[in-house]
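Chain by chain, the residues:
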Amino acid sequence: MIRTLILSVALALATGGAQADGRTQLLENVSRDLHRYVNGVNPEDLSTHQLGAIYATIHSSASESRKRRMIRSMVGGGYSLRSLIFN
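Residues numbered from 1 in each chain as written. Predicted model: local features only at pLDDT ≥ 70, side-chain atom pairs only at ≥ 80, totals over all residues. Heavy atoms only, no water.

Caption draft 1: Structural detail: the overall build of the protein chain. Counting its regular elements, the protein chain contains 5 helices and 0 strands. If you list the helices and strands of the protein chain from N to C, you get α-α-α-α-α. Taking all 87 residues of the protein chain together, the buried fraction comes to 36%. In the protein chain, once contacts between residues fewer than 6 apart in sequence are set aside, the share between residues at least 24 apart is 51%. A total of about 5700 Å² of accessible surface is found on the protein chain, and carbon and sulfur atoms cover 53% of it. (Helix = DSSP H or I, 4+ residues; strand = E, 2+ residues; numbered from the N terminus. Buried < 20%, exposed > 50% of the residue type's maximum accessible area, 1.4 Å probe, protein only. Contact = heavy atoms within 4.5 Å. Areas by Shrake-Rupley, 256 points an atom, 1.4 Å probe, with all protein chains shown as cover.)

Okay, here's the thing in structure tokens:
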């Protein structure tokens, strides 16, 4: 379910002429809550794919600790799969 949601968000952002507006809105939404899950991450440095995945994770039904682990993996750091997923 989360994978489908992530793909839907990414597809919506990748299509159409409103990609810049979509990124801006996504950036604002993620910026509002990101500090609850990770420290020292500037949301503006994240790719649109990362922002979409983080947004989907924040609004998923996963536990807060699972969300934190998933988001930490998405932004990089120790034990991260970031290089496999987002590069």
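Continuing now.
Caption draft 2: Structural context of the confidence of the model for the protein chain. Of all residues in the protein chain, 64% attain a pLDDT of 70 or more, and the chain-wide mean is 80. Taking the mean pLDDT of every element in the protein chain, the minimum, 52, falls on helix α5 (residues 82–85) and the maximum, 93, on helix α3 (residues 48–58). (pLDDT = per-residue confidence, 0-100.)

Caption draft 3: Structural context of the side chain of Lys 67. On the secondary structure map, Lys 67 appears in helix α4 (residues 64–75). A distance of 3.3 Å separates the side chain of Lys 67 from the side chain of Glu 64, its partner in a polar contact. Those residues in contact with Lys 67, other than ones at most four positions away along the chain, are Tyr 37, Thr 57, Ile 58, Ser 60 and Ala 62. (Polar contact = N/O pair within 3.5 Å; in protein donor to acceptor, adjacent residues only side chain to side chain.)

Caption draft 4: Local environment of the packing of α3 against α4. Relative orientation of the contacting elements α3 and α4 amounts to 175°, with a least axis distance of 10 Å. In terms of axis orientation, α3 runs roughly antiparallel to α4. For the pair formed by α3 and α4, the contact residues are Gln 50, Ala 53, Ile 54, Thr 57 and Ile 58 on the first element and Lys 67, Met 70, Ile 71, Met 74 and Val 75 on the second. Its residues assigned to classes, the contact of α3 with α4 comprises 7 nonpolar, 2 polar and 1 charged. (Axes fitted to C-alpha atoms, helices over the stretch in contact; angles between N-to-C directions. Parallel < 35°, antiparallel > 145°, perpendicular 65-115°, else oblique. Nonpolar A, V, L, I, M, F, W, Y, C, P; charged D, E, K, R; others polar.)

Caption draft 5: Representation of the environment of Asn 39 in the model. Assignment of secondary structure puts Asn 39 in the loop between α2 (19–33) and α3. Spatially, the C-alpha atom of Asn 39 lies 9.4 Å from that of Arg 72, the residues being 33 residues apart in sequence.

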